[in-house]
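# Structural overview for review
Below are the chains, spelled out letter by letter.
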Amino acid sequence: MAASNEIALELAPIIRVYKDGRIERLNADVHLPPSVDTATGVASKDVPIAAGVTARLYLPAVAAPSKLPVFVYYHGGCFCIGSAFSSIYHDFLNTIVSTASVIAVSVDYRLAPEHLIPAAYEDAWCALQWVASHAEGGPEPWLAKDRTDFTRLFLAGDSAGANIAHNVAMRVAAEGLGVGGARVESAVLLHPYFWGTARLPSEVGRVDHPFIPPHTVDSMWQLITGGADNDDPRLNPLAEGAPSLAGLGCRRVMVAVAEKDTLRDRGRAYFEALRKSGWGGEAQLWETQGEDHVFFLFKPGCNEVSLLVKRLVSFLKD
């Protein structure tokens, strides 16, 4: 039978769903193989973690005088596009690893709508537990105890990946890692994908936004969860009845936002709510003027990217 071209749902510029069940992702995603990066000397390799969950590991070229922290990274893409193996993440992680002297674990989780939420959250949790398990000895030599500081695990991500990092940090507090000697030190939320039913100022009048027009975001969560509304606490951590941010399972948080980003005010509101929640940690906010959503992935040579990376690396080293 020939494939039907009848469209059931289109959420431009991200995804198209046909009535026969086919999924078309509207953003081209160029994958790069693992390598030794010629510019930084960072080495990378791909490893399986569990069924449907893999990761790309990054190791800095220069041996550190002390054990290295682990930067667990979750890619963005509205939970339905993107990959840990795409060129933009490969290049970004090479930069972070070489400048911050960390071991990075970039997690490739299952995508919706083929794998509805909470699949991505479960995969992200599985990956963190896999990393933490090496504190007691594990199969991956790049995470050997003699080179890795498991008391300094960083959760990080951009957009949907920042949402994942938040939700994983909440689960850390609720359940613990179950491994002695492993601890999540900090979380880095880059342009986090939070949303809600009520509009915030940065979400008004953005119908033609090239990345995340509000009408697309309004419908996205229902598609990738199979029907949840936009005040689901996983998407809107400030919604009425959501778990208190005082329970965030790390000591420090950095939130980064961009002036022209539709999601800007969600990140700002999260930062302010976290500071007022009774959480005992340290929160920092970094706002980039004149730039849009996840600009640091697409404009790697610009001055604003250099400033953001410098601030991020400083945060990791503090």
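Parameters at a glance
Residues numbered from 1 in each chain as written. Predicted model: local features only at pLDDT ≥ 70, side-chain atom pairs only at ≥ 80, totals over all residues. Heavy atoms only, no water. Helix = DSSP H or I, 4+ residues; strand = E, 2+ residues; numbered from the N terminus. Expected span 1.5 Å × (residues − 1). Buried < 20%, exposed > 50% of the residue type's maximum accessible area, 1.4 Å probe, protein only. Contact = heavy atoms within 4.5 Å. 1 Å grid on protein atoms, 1.4 Å probe; cavity = no way out; pocket = protein on both sides within 12 Å on 5 of 7 lines; lining within 4 Å. Points joined across faces, edges and corners; volume = space filled by probe spheres on them. Nonpolar A, V, L, I, M, F, W, Y, C, P; charged D, E, K, R; others polar. UniProt positions renumbered as here; feature names shortened; annotations may be inferred. Pairing = 2+ DSSP bridges. Axes fitted to C-alpha atoms, helices over the stretch in contact; angles between N-to-C directions.

## A look at helix 5 (residues 264–276)
In this model, helix 5 (13 residues) spans 19 Å end to end at C-alpha, consistent with the 18 Å of a helix rising 1.5 Å per residue. Those residues of helix 5 not exposed but buried are Arg 264, Asp 265, Arg 266, Gly 267, Tyr 270, Phe 271 and Leu 274. Where helix 5 is buried, its residues meet helix 3 (160–175), strand 9 (184–190), strand 10 (252–258) and strand 11 (282–288). Positioned one or two residues after helix 5, Gly 278 has a phi angle of 95 degrees, which is positive.

## A few points about the layout of surface pockets
Computed from the structure, the largest pocket encloses a volume of approximately 510 Å³. The wall of the largest pocket is formed by 26 residues, among which Asn 27, Gly 77, Ile 81, Ile 88 and Phe 298 lie closest to the centre. Going through the elements one at a time, helix 1 (87–100) and helix 6 (295–298) are the ones with two or more residues in the lining of the largest pocket. If you tally residues by element for the lining of the largest pocket, the top one is helix 1, at three residues. Grouping the constituent residues of the lining of the largest pocket by class yields 14 nonpolar, nine polar and three charged.

## With respect to the UniProt feature "active site" (unreviewed entry) in the protein
When the UniProt feature table is mapped to this numbering, "active site" (unreviewed entry) covers Ser 159. Summarising the element assignment, Ser 159 is placed in the loop between strand 8 (148–158) and helix 3. On the basis of relative accessible area, Ser 159 is assigned to the buried category, the value being 7%. Those residues within four positions of Ser 159 in sequence are excluded, and the remaining contacts are Gly 76, Leu 190, His 191, Pro 192, Tyr 193, His 293 and Val 294.

## Focus on the sheet that holds strand 8
Read from one edge of the open sheet, eight strands run 4-5-7-6-8-9-10-11, paired in mixed fashion. Looking along the sheet, the strands with just one partner apiece sit at the ends: strand 4 (43–50) and strand 11. The sheet shows a mean angle of 20 degrees between the axes of neighbouring strands, taken without regard to direction. Looking at chain direction, strand 8 and strand 9 are connected through six bridges and run parallel. Bridge assignment links Leu 153 to a residue of strand 9, and that residue is Val 184.

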